[in-house]
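Overview (structure and organization)
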There are 2 protein chains.
Amino acid sequence: MQRKSFSEMTCPIARTLELVGEWWSILILRDCFAGIRRFDDFQASLGIGANTLTRRLNALVEAGMLERRPYSAHPPRHDYVLTRRGRDFRPVLLALLAFGNNELTPEGETVVIVDSTTGAQVDPVVVDRRSGLPLMEPRFRLAPGPAAKGATRERLESGRHELLRPMPDPTDAGPAT
Amino acid sequence: MQRKSFSEMTCPIARTLELVGEWWSILILRDCFAGIRRFDDFQASLGIGANTLTRRLNALVEAGMLERRPYSAHPPRHDYVLTRRGRDFRPVLLALLAFGNNELTPEGETVVIVDSTTGAQVDPVVVDRRSGLPLMEPRFRLAPGPAAKGATRERLESGRHELLRPMPDPTDAGPAT
């Protein structure tokens, strides 16, 4: 990838992007949640070269998202399983899944979330765990944390941040794709 | 970026990754939610070259995530605003923010979500909009959608998918980073 390292950035979004490295890493994590654990199975699922896959798996192990677990001593073999940190990535995958389903499935959805007690399709929404209220309610806002400094703190204190505020709708029909 | 196109993949996660192209695009979207609209301000925020920024902004416009809006006729100038589709990307950013805050802020958080009526810090959780129940409840599962075919359908019908199931905890302390 042609890009600068994000490691000096303090933004938690930038740090997460740095950790997972590139798109293949996110698809590897997706496959882990689908039950895939072995090198050959990742390769078959993703259709990428062995060298690329080796690099991405090594990077995910180094990032603490996956760990190698031996499953055979003769010959020595290991598979890859999600660590606690890797499993904590689940909400990002759920958010990507929901966005893709809402925006990018003109031919119909290939994977949906259902409530098996009712058969109804589930519409995921992010809420405050304590109150159960959707994060888009006006009471919620971004604020500087204890480690915020300089421009980050000023920007968050200005109240201009719109990540948690409904925004005026510039165009209800986005450009055709 | 050195990677294959994901455009032939039907997975909504892969399609979303294809749409946003690379990490810079996600940070540009983040900055849009922070109120940034103009080329020079994106450049100052991200510290990237003008050519890279131009390419990423053009790709986001083409993807229907941003649109150009003129703000001056003499000289001709435009800024970049989020479309409806771009604003729908918000939950992905919130999920990345939460992950980064939980995992990658050893020195303390720089940005948090607070409930301004109580001052309490908010712990975001993904729930079913209808029932309000967390998606990790056993009643929720992934299922094949109307467009699912072949291996995708089989894998989803097998019930092995763990994206919505608590997993055995292989190692509560992931590798140190």
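Everything numeric here is computed off the predicted structure, so don't read it as measured data. (Residues numbered from 1 in each chain as written. Chains lettered and ligands numbered in written order. Predicted model: local features only at pLDDT ≥ 70, side-chain atom pairs only at ≥ 80, totals over all residues.)

**Side note on the overall build of chain A**
What chain A contains, in helices and strands, is seven helices and five strands. Listing each helix as α and each strand as β along chain A from the N terminus yields α-α-α-α-β-β-α-α-β-β-β-α. With 177 residues in all, chain A has 38% of them scored as buried. Long-range contacts, defined here as pairs at least 24 residues apart, represent 31% of the contacts in chain A between residues at least 6 apart. (Helix = DSSP H or I, 4+ residues; strand = E, 2+ residues; numbered from the N terminus. Buried ≥ 20, exposed ≤ 12 C-beta atoms within 10 Å, placed from the backbone. Contact = placed C-beta atoms within 7 Å.)

**A closer look at the environment of P75 of chain B**
Of note, P75 of chain B is situated in the loop between β1 (66–72) and β2 (77–82). In this structure, the C-alpha to C-alpha distance between P75 of chain B and A151 of chain B, residues 76 residues apart in sequence, is 55 Å.

**Brief notes about the pairing of strand β2 (residues 77–82) of chain A**
Residue and element names in this part refer to chain A. Bridging between strand β1 (residues 66–72) and β2 involves six bridges; their strand directions are antiparallel. Considered in β2, the bridge of R69 is made with D79. Adjacent in sequence and paired antiparallel, β1 and β2 are bridged by four residues. (Pairing = 2+ DSSP bridges.)

**Regarding the interface of chain B and chain A**
On the chain A side, the residues contacting the 98 residues of chain B number 97 residues. With 14 residues, helix α6 (residues 90–103) of chain B is the single largest residue contributor to the side of chain B that touches chain A. Here strand β5 (residues 140–144) of chain A runs beside strand β3 (residues 111–115) of chain B; their pairing, made up of five bridges, is antiparallel. Bridge assignment links A143 of chain A to a residue of β3 of chain B, and that residue is V112 of chain B.

**A few points about the relation of the copies chain B and chain A**
Screw-axis analysis of chain B against chain A gives a translation of 0.0 Å along the axis, an RMSD of 0.0 Å, and a rotation angle of 180°. One copy is carried onto the other by what is essentially a two-fold rotation axis. Both copies present the same face, since 99% of the interface residues in chain B are matched by interface residues at the equivalent positions in chain A. (Least-squares fit on C-alpha atoms with pLDDT ≥ 70 in both.)

**Overview of the packing of helix α2 (residues 23–33) of chain A against helix α3 (residues 39–46) of chain A**
All names here are of chain A. Packing of α2 against α3 brings their axes to within 11 Å, and their N-to-C directions diverge by 115°. In this structure, the crossing between α2 and α3 has a hand that is right-handed. Packed against α2, whose contacting residues are W24, L27, I28 and D31, the element α3 presents F42, S45 and L46 at the interface. A class-by-class count of the residues in the contact of α2 with α3 yields five nonpolar, one polar and one charged. (Axes fitted to C-alpha atoms, helices over the stretch in contact; angles between N-to-C directions. Left-handed = near helix turned anticlockwise from the far one by under 90°. Nonpolar A, V, L, I, M, F, W, Y, C, P; charged D, E, K, R; others polar.)

**Quick look at the nonpolar core**
With 92 residues, the main nonpolar core has C32, V92 and A95 of chain A together with C32, V92 and A95 of chain B as its most contacted residues. Other than its neighbours up to four places away in sequence, C32 of chain A contacts L66, Y80, L82 and G86 of chain A. (Core = buried A, V, L, I, M, F, W, Y, C linked by C-beta atoms within 7 Å.)

**Thoughts on the packing of helix α6 (residues 90–103) of chain A against α6 of chain B**
Look at α6 of chain A against α6 of chain B: their axes get within 8 Å of each other, and the N-to-C directions meet at 175°. Between α6 of chain A and α6 of chain B, the interaxial angle falls into the category roughly antiparallel. The segment α6 of chain A lies against α6 of chain B, with P91, V92, A95, L96, A98 and F99 of chain A engaging P91, V92, A95, L96, A98 and F99 of chain B. Classifying every residue of the contact of α6 of chain A with α6 of chain B by side-chain character gives twelve nonpolar, no polar and no charged. (Parallel < 35°, antiparallel > 145°, perpendicular 65-115°, else oblique.)

**Focus: the environment of L133 of chain B**
Residues and elements named next belong to chain B. The residue L133 is located in the loop between β4 (124–128) and β5 (140–144) in this model. Its 14 C-beta neighbours within 10 Å are what place L133 among the partly exposed residues. Along the chain, L133 and R77 lie 56 residues apart, while their C-alpha atoms are 47 Å from each other. What L133 contacts, discounting residues up to four positions off in sequence, is V127 and D128.

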